[in-house]
Amino acid sequence: VQFFVNGAAVDSVQLVSAASLQRMETPSTTSGAEAGMRAGYGLSNYTSFYKGFVYQSHNGGVNGGLTDLSYLPGYQVGYAVMITADNGDALKKIVNLIRDFQTREFTARAVEATANEALQDSSWFGYYTPINPRQQQFYFLERLLNVDRIWADKDLIHKRPLLGGDTDDYLMASGNLFKSAKNGMTALVRTTDPLAGEVVHADWKVLHHSSTVVVFGSLVILCACLFFILTSLLFALIWIVRFWMGRISRGPTIAVRLWPLVASLSFVALVAMIMVGGEDPFGLLGKVSAVSLGIMIFTIAFAVTSFWSAYIAIRERHAKIDRIVYWHSALVTLFNLIATIYLMWFGVIGMQTWA
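Report follows, based on the coordinates. Since the structure is predicted, the reported quantities are computational estimates derived from the model, not experimental observations. (Residues numbered from 1 in each chain as written. Predicted model: local features only at pLDDT ≥ 70, side-chain atom pairs only at ≥ 80, totals over all residues. Heavy atoms only, no water.)

**A look at the packing of helix α7 (residues 252-279) against helix α10 (residues 323-345)**
Moving on, step 1. Following both chains from N to C, one finds α7 and α10 inclined at 30°, their axes separated by 9 Å at the closest point. On the basis of the axis angle, α7 is roughly parallel to α10. The interaxial crossing formed by α7 with α10 has left-handed handedness. Each of V256, R257, P260, A263 and S264 in α7 lies in contact with α10, whose residues at this interface are V325, Y326, S329, V332, T333 and N336.
Moving on, step 2. Looking at side-chain class alone, the contact of α7 with α10 contains six nonpolar, four polar and one charged residues. (Axes fitted to C-alpha atoms, helices over the stretch in contact; angles between N-to-C directions. Helix = DSSP H or I, 4+ residues; strand = E, 2+ residues; numbered from the N terminus. Parallel < 35°, antiparallel > 145°, perpendicular 65-115°, else oblique. Left-handed = near helix turned anticlockwise from the far one by under 90°. Contact = heavy atoms within 4.5 Å. Nonpolar A, V, L, I, M, F, W, Y, C, P; charged D, E, K, R; others polar.)

Right, dumping it as structure tokens:
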């Protein structure tokens, strides 16, 4: 910490040049950085906003431990925190207490708005999907759940997660560059990605404009999938008892109910395995284990039973079955199929987390 607080010097001896330290602190390789964005990840050294101040930081986490090393350039303060727990909320509270204490007598510089006609261009406002996942295997979830909305209000550009979270505010800097309204650092930029075309860089995210229909349509389908999986489980509590009591005959009436239920149970088991694996990702997901094998097996089981359910639903469409029961099972099958195709598209079916 003293090394960085003193500008890469120890006992007045400059061990690393000021230019090298500045390079460590400065993002430079992304299209956003090339366009003038200053916030983000440099060389194992990233910007970290706190109220009106910008810390430079590096953190880490392993099973049983979390760390944070940060310093505030120009103010001669910094800290290192290490805790023996997998508790991100605890680390955040500790860090905020330290930063409150360190900045208690400092005054953040005022940030002024810059008039620019770009604020009048509303064509780029709307909903944005992240396209640079940190973990590619779970991008199928991130692109659904981490959508941001960007809009303007007077002199401010706002960015907020669609499903809830803090709002980030920006002011015009110049051209397509926008600075944080809290500290004045360039933290959002519109630019062109060589593969994705027009994008927005915001902090560490690369965001691609997505239509309202796609964003909300995806969420509606996701909710429908979860709803019909849940109802298939709840209805099973009724029809299994009725079958056991002899009130439901064997044959098509059972097949139409049973296979969508098996698919739903496979999906629930898959979610449970992912949650268990998240408690110890290195030990349970990073190598062959009952959990990682379970994830692979249940993704395959979900896909196979979803397609088989569709076959059964088509084959028994004229069977003597209560129409409400049939169409509910058919809808469960339909949305399970949609989920299966989506997961297949992103390589989740048969996923080997240890590979």
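Here the narrative resumes.
**Re the nonpolar core**
Moving on, step 1. By size, the foremost hydrophobic cluster in this structure holds 18 residues, and its most contacted members are I295, F302, F335, L343 and V348.
Moving on, step 2. Mapped onto this core, the elements with two or more residues apiece are α6 (212-244), α7, α9 (290-315) and α10.
Moving on, step 3. For V348, the contacting residues outside a window of four places in its chain are F140, T299 and L343.
Moving on, step 4. Listed in part, the 16 residues of the second largest apolar core include I150, M185, V200 and A202. (Core = buried A, V, L, I, M, F, W, Y, C linked by side-chain atoms within 4.5 Å. Buried < 20%, exposed > 50% of the residue type's maximum accessible area, 1.4 Å probe, protein only.)

**With respect to the packing of aromatic side chains**
Moving on, step 1. Under the criterion given, the structure shown has 21 aromatic pairs.
Moving on, step 2. Seen from their ring centres, W124 and F178 are 5.4 Å apart, and the 35° between their planes marks the pair as tilted. Of this pair, W124 sits in the loop between α4 (88-102) and β7 (126-130) while F178 sits in strand β11 (residues 177-180), placing them 54 residues apart in sequence.
Moving on, step 3. Relative to W327, the ring of Y326 has its centre 5.3 Å away and its plane inclined at 85°; by these criteria the two rings are edge-to-face.
Moving on, step 4. For W327, a relative accessible area of 53% puts it in the exposed group.
Moving on, step 5. Each member of the aromatic cluster is reached from another via a ring pair, and the members are F3, F4 and Y71.
Moving on, step 6. The ring of F101 carries R104 above its face, with NZ or CZ at 3.9 Å from the centroid.
Moving on, step 7. Its guanidinium or amino end placed over the ring of W151, R149 lies 4.3 Å from that ring's centre, counting from NZ or CZ. (Phe/Tyr/Trp six-rings, centres within 6.5 Å; stacked < 30°, edge-to-face > 60°. Lys NZ or Arg CZ within 6 Å of the ring centre and 35° of its normal.)

**Examining the pattern of salt bridges**
Moving on, step 1. Here the structure, examined in full by the defined rule, presents four salt bridges.
Moving on, step 2. Between K51 and D100 there is a salt bridge; the shortest N-O distance is 2.8 Å. A residue pair is termed long-range when its members are at least 10 positions apart, and K51 in the loop between β3 (46-50) and β4 (53-62) and D100 in helix α4 qualify at 49 residues.
Moving on, step 3. The exposure class of D100 is partly exposed, given its relative accessible area of 32%.
Moving on, step 4. In this structure, D168 and K159 form a salt bridge, with 3.3 Å as the shortest nitrogen-oxygen distance. (Salt bridge = Lys/Arg side-chain N within 4 Å of Asp/Glu carboxyl O.)

**Details of the layout of surface pockets**
Moving on, step 1. Counted as a void, the second largest pocket has a volume near 580 Å³.
Moving on, step 2. What lines the second largest pocket is a set of 23 residues, among which F140, L141, L144, L222 and F267 lie closest to the centre.
Moving on, step 3. Residue assignment for the lining of the second largest pocket shows that the elements contributing at least two residues are α5 (139-145), α6, α7 and α10.
Moving on, step 4. Of the residues assigned to the lining of the second largest pocket, the class counts are 20 nonpolar, two polar and one charged. (1 Å grid on protein atoms, 1.4 Å probe; cavity = no way out; pocket = protein on both sides within 12 Å on 5 of 7 lines; lining within 4 Å. Points joined across faces, edges and corners; volume = space filled by probe spheres on them.)

**Some thoughts on the sheet that holds β11**
Moving on, step 1. In spatial order, the strands read β7-β8-β9-β10-β11-β12-β13-β14; together these eight strands close into a barrel with antiparallel pairing. Strand-to-strand, the axes of this sheet are offset by a mean angle of 35°, without reference to chain direction.
Moving on, step 2. Across six bridges, strand β8 (residues 148-153) lies against strand β9 (residues 156-161) in antiparallel orientation. Bridging from a neighbouring strand, W151 pairs with H158 of β9. (Pairing = 2+ DSSP bridges.)

**Points about the side chain of T231**
Moving on, step 1. Mapped onto the secondary structure, T231 falls in helix α6.
Moving on, step 2. For T231, the side chain forms a polar contact with the side chain of H328, separated by 2.9 Å. (Polar contact = N/O pair within 3.5 Å; in protein donor to acceptor, adjacent residues only side chain to side chain.)

**A word on unusual backbone geometry**
Moving on, step 1. With a phi angle near 70°, A8 is a residue other than glycine that sits in the positive phi range.
Moving on, step 2. Residue class for A8 comes out buried when judged on its relative accessible area of 0%.
Moving on, step 3. One non-glycine residue with positive phi stands out, namely K51, at about 55°.

**A closer look at α6**
Moving on, step 1. Between its first and last C-alpha atoms α6 spans 47 Å; for 33 residues at 1.5 Å apiece the expected length is 48 Å, and the two agree.
Moving on, step 2. Along α6, the sharpest kink reaches roughly 30°, centred on A236.
Moving on, step 3. Taken together, the buried positions of α6 are occupied by V215, L219, A224, C225, F228, I229, T231, S232, A236 and W239.
Moving on, step 4. Against the buried residues of α6 lie β7, α5, β14 (205-210), α7 and α10. (Expected span 1.5 Å × (residues − 1). Bend = angle between axes of the 7 residues up to and from the residue.)

**As for the sheet that holds strand β6 (residues 77-83)**
Moving on, step 1. Pairing within the open sheet is antiparallel, and its four strands lie in the order β3-β4-β5-β6. The outermost strands of the open sheet, each flanked by one partner alone, are β3 and β6. When strand polarity is set aside, the average angle formed by the axes of neighbouring strands in this sheet is 30°.
Moving on, step 2. Seen against the sheet, α4 touches β3, β4, β5 (65-72) and β6 and runs at an angle of roughly 160° to β6.

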